[in-house]
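Secondary and tertiary structure notes
Listed below, chain by chain, are the residues.
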Amino acid sequence: MHVDTTVSYKSSNVPVGKFGNDSLSIKKLLQKEEEVQATNEHMHDNLPQNDFSFDDVKIHWRRYAFKVKETGMETFYNALIRREPVLTPDKKLIMTLDNQVQIDVISVQLQDFTNYMRKSLKNYSIFIQLELNQNPNEEVKFLTGKDKFASLARKNPNLHTLKNTFNLDIEF
């Protein structure tokens, strides 16, 4: 008994399917993007825009900082706690960063952060703007005890003498 196991396929020289007239156009893509932005702006008009204080901003800013620290985003955490945000009259929060690496890391997460701040403050007209620090010699908050000690020791070298004389261990 012989079983034929060959399979025959029908081939066609003519393309099958529909080829539309729609071609990819940068102009059309930009128009769609503008329409989406306009829709988003109108959506924000219908959402709450409650008043808030700068203290409220700082509280939620810190909460988000510790939230991102728990998820392992140390660069974002350090950027959030290093300086306080600047609040402009038009409800824009300006976040000053030290370098382009921080901008690149944070810009990926910026929309989530903005949404968190909007929801927490119950004000959907808030925007967060990233800016590069123009004054690299600016005195900033210290991140660790070691940094604090080093800064104070630069101002007063006798601190090293005290530390060594009394065999002090500075908690780092």
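Remember, it's a predicted structure, so these values are computed and weren't measured experimentally. Residues take numbers from 1 onward in each chain, read along the sequence in its written order. For this predicted model, a pLDDT threshold of at least 70 governs which residues receive local features, and a threshold of 80 or more governs which side-chain atom pairs are given and counted, while totals over whole chains, interfaces and linings are taken from all residues. Computation of side-chain values: all heavy atoms of the structure, hydrogens and water removed.

Right, let's talk about the confidence of the model for the chain for a bit. Counting all residues, the mean pLDDT for the chain is 79, and 73% of those residues have values of 70 or more. Ranking the elements of the chain by mean pLDDT puts helix α1 (residues 26-46) last with 67 and helix α2 (residues 54-70) first with 92. Per residue, pLDDT measures the predictor's confidence, with a range of 0 to 100. Strands are runs of DSSP state E lasting at least 2 residues, helices are runs of H or I lasting at least 4, and numbering of each runs from the N terminus.

A word on unusual backbone geometry. Residues other than glycine seldom take positive phi values, yet lysine 91 does so here, at roughly 65°. With respect to the element layout, lysine 91 can be found in the loop between β1 (86-87) and β2 (92-97). Here's how the labels work: a residue is buried when its accessible area is under 20% of the maximum for its type, exposed when over 50%, partly exposed in between, all with a 1.4 Å probe on protein chains only. Judged by its relative accessible area of 27%, lysine 91 is partly exposed. Even without being glycine, asparagine 167 reaches a positive phi, approximately 50°. Its location among the elements puts asparagine 167 in the segment after α6 (158-165).

Ring pairs shown here join Phe, Tyr and Trp side chains whose ring centres sit within 6.5 Å, with only the six-membered ring taken for Trp; geometry is labelled stacked below 30 degrees between planes, edge-to-face above 60, and tilted in between. Following the criterion strictly, the structure yields 6 aromatic pairs and no others. Arranged with centres 5.0 Å apart and planes meeting at 70°, the rings of tryptophan 61 and phenylalanine 113 form a pair that is edge-to-face. Taken together, the residues tryptophan 61 in helix α2 and phenylalanine 113 in helix α4 (residues 100-121) connect sequence positions 52 residues apart. For tryptophan 61, a relative accessible area of 3% corresponds to the buried category. Judged by relative accessible area, which is 0%, phenylalanine 113 ranks as buried.

Time to look at helix α3 (residues 74-82). Taken together, the buried positions of α3 are occupied by Phe76, Tyr77, Ala79, Leu80 and Ile81. Note on contacts: a residue pair is in contact if any heavy atoms of the two residues lie within 4.5 Å. Looking at the buried positions of α3, the neighbouring elements they touch are α2, β2 and α4.

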